[in-house]
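For reference, the chains in residue letters:
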Amino acid sequence: MTETIKLMKAHTSVRRFKEQEIPQADLDEILTAGQMASSWKNFQSYSVILVRSQEKKDALYELVPQEAIRQSAAFLLFVGDLNRAEKGARLHADSFQPQGVEGLLITSVDAALAGQNTLLAAESLGYGGVIIGLVRYKSEEVAALFNLSDYTYPVFGIALGVPNQQHEVKPRLPLNQVVFEEEYQEQPVEAILDYDKVQADYAGARATTSWSRRLAEQFGQAEPSSTRKNLEQKKLL
Ligand SMILES: Cc1cc2nc3c(=O)[nH]c(=O)nc-3n(C[C@H](O)[C@H](O)[C@H](O)COP(=O)(O)O)c2cc1C
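Residues numbered from 1 in each chain as written. Predicted model: local features only at pLDDT ≥ 70, side-chain atom pairs only at ≥ 80, totals over all residues. Heavy atoms only, no water.

Looking at this structure, I do not really get the overall build of the protein chain. What am I missing?
For the protein chain, the helix and strand inventory stands at ten helices and four strands. Ordering the α and β elements of the protein chain from the N terminus gives α-α-β-α-α-β-α-α-β-α-β-α-α-α. Computed over C-alpha atoms, the radius of gyration of the protein chain comes to 19 Å, within 12% of the 18 Å expected from 2.2 N^0.38 for 237 residues, which places it in the range of a compact globule. Judged by the C-alpha coordinates and their principal axes, the protein chain covers about 55 × 45 × 40 Å. Counting every position in the protein chain, which comprises 237 residues, the buried fraction comes to 35%. Relative to all contacts within the protein chain whose residues are 6 or more apart in sequence, the contacts with residues 24 or more apart total 82%. Of the roughly 14500 Å² of accessible surface on the protein chain, 52% is carried by carbon and sulfur atoms. Here the protein chain carries 25 positive and 31 negative side-chain charges, and the mean point of each set is 4 Å from the other. (Helix = DSSP H or I, 4+ residues; strand = E, 2+ residues; numbered from the N terminus. Rg over C-alpha atoms; globule rule 2.2 N^0.38 Å. Buried < 20%, exposed > 50% of the residue type's maximum accessible area, 1.4 Å probe, protein only. Contact = heavy atoms within 4.5 Å. Areas by Shrake-Rupley, 256 points an atom, 1.4 Å probe, with all protein chains shown as cover. Lys, Arg positive; Asp, Glu negative; His and termini not counted. Charge placed at Lys NZ, Arg CZ, Asp CG, Glu CD.)

Right, dumping it as structure tokens:
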């Protein structure tokens, strides 16, 4: 096994941090490593806002009450970004039509790949972190707080810092229920029930609800409206 694979298999999200800063040199390494992720046509359709001031973190926490935001040494807001694309495209054409599903997939996949690279790089230096997708539930307010321009939107954040907690690695679905040979294989409901048990055993006394119940909470209702409204305001839908 390589050191890289060992690191990847040891990943757990960290949501509590010590009151310790991340030196600038480490942040530079983490962010430049993150930037080396592949991107659609090398468009690099994302930006990152590095938040270090406690004031700004607290303001974000007011909108998105996740303790990891407030405690983080650095909070990175990953922004889907076609603002540069607009400027580049208009050098050559009057028409700029980023609205729709493709534009959203291009930007969110690029942001996700860079984000995952960033988190792994941070973990390789002994830091911990957690991705915070809940920023999307307050997309309009978050966009205003960070002065986001047309053709940009918050995809997720990453709270980073020196870990002040350690969890066991969270068990994943069995590999053969996620990776299929040659063609897709729809899974029986028993596979879901089995994983509910695996998750319940992992969570132990900390368990509040089951994995499948969380699926029901997420997908049993219409999506929150703020993401769509903000995307419309930013001319991406
Ligand atoms: C897109 C995305 C958004 C997430 N948003 C949140 C979040 O808002 N708050 C949180 O505590 N964890 C969040 N997480 C972390 C997941 O809950 C976590 O990765 C998952 O439970 C697996 O646990 P592990 O990372 O410890 O292995 C997010 C993860 C992803 C990939």
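Hey, could you run me through the site of the ligand in this one?
Taken together, His11, Thr12, Ser13, Arg15, Gln66, Val130, Ile131, Ile132, Gly133, Leu134, Lys170 and Arg172 make up the full set of residues near the ligand. Arg15 places a side-chain nitrogen or oxygen 2.7 Å from an oxygen atom of the ligand. Here Leu134 contributes a backbone N or O atom positioned 3.2 Å from an oxygen atom of the ligand. When the ligand sits alone it has 620 Å² of accessible area, and the protein chains cover 66% of it. For the shell around the ligand, the residue count by class is four nonpolar, five polar and three charged. (Near = heavy atom within 4 Å. Polar contact = N/O pair within 3.5 Å; in protein donor to acceptor, adjacent residues only side chain to side chain. Nonpolar A, V, L, I, M, F, W, Y, C, P; charged D, E, K, R; others polar.)

Looking at this structure, how should I read the pairing of strand E2 (residues 74-81)?
Look at any regular strand and the pattern is simple: side chains alternate between the two faces of the sheet. Across the eight residues of E2, eight count as buried, placing the element largely inside the fold. Neither face of E2 is exposed, since Ala74, Leu76, Phe78 and Gly80 on one face and Phe75, Leu77, Val79 and Asp81 on the opposite face are all buried. The pairing of strand E1 (residues 46-51) with E2 spans six bridges and is antiparallel. In the strand pairing of E2, Ile49 is matched with Leu77. (Pairing = 2+ DSSP bridges.)

Please explain the packing of aromatic side chains as it appears in this structure.
The geometry of two aromatic rings is summed up by the distance between their centres and the angle between their planes. Applying the stated rule across the entire model yields five aromatic pairs. Three or more aromatic residues joined by ring pairs form one cluster here, namely Tyr46, Phe78 and Phe156. Looking at Arg70, its charged tip hangs above the ring of Tyr61, at a distance of 3.9 Å from the centre. The aromatic ring of Tyr202 is capped on one face by Arg206, whose charged end is 5.7 Å from the ring centroid. (Phe/Tyr/Trp six-rings, centres within 6.5 Å; stacked < 30°, edge-to-face > 60°. Lys NZ or Arg CZ within 6 Å of the ring centre and 35° of its normal.)

Looking at this structure, how should I read a nonpolar patch on the surface?
On the surface, Val101, Leu105, Val109 and Leu113 cluster together into a nonpolar patch covering about 350 Å² of accessible area. By the secondary structure assignment, Leu105 is in helix H6 (residues 101-124). By relative accessible area, Leu105 is classed as partly exposed at 44%. (Patch = residues over 30% accessible without salt bridge, like charges linked within 9 Å, V, L, I, M, F, W, Y side chains within 5 Å. Salt bridge = Lys/Arg side-chain N within 4 Å of Asp/Glu carboxyl O.)

I keep staring at a positive patch on the surface and nothing clicks. Help me out?
Where like charges cluster on the molecular surface, the positive patch consists of Arg15, Arg16, Lys170, Arg172, Arg206 and Arg214. Tracing the backbone through its elements, the reader meets Arg206 in the loop between helix H8 (189-203) and helix H9 (211-219).

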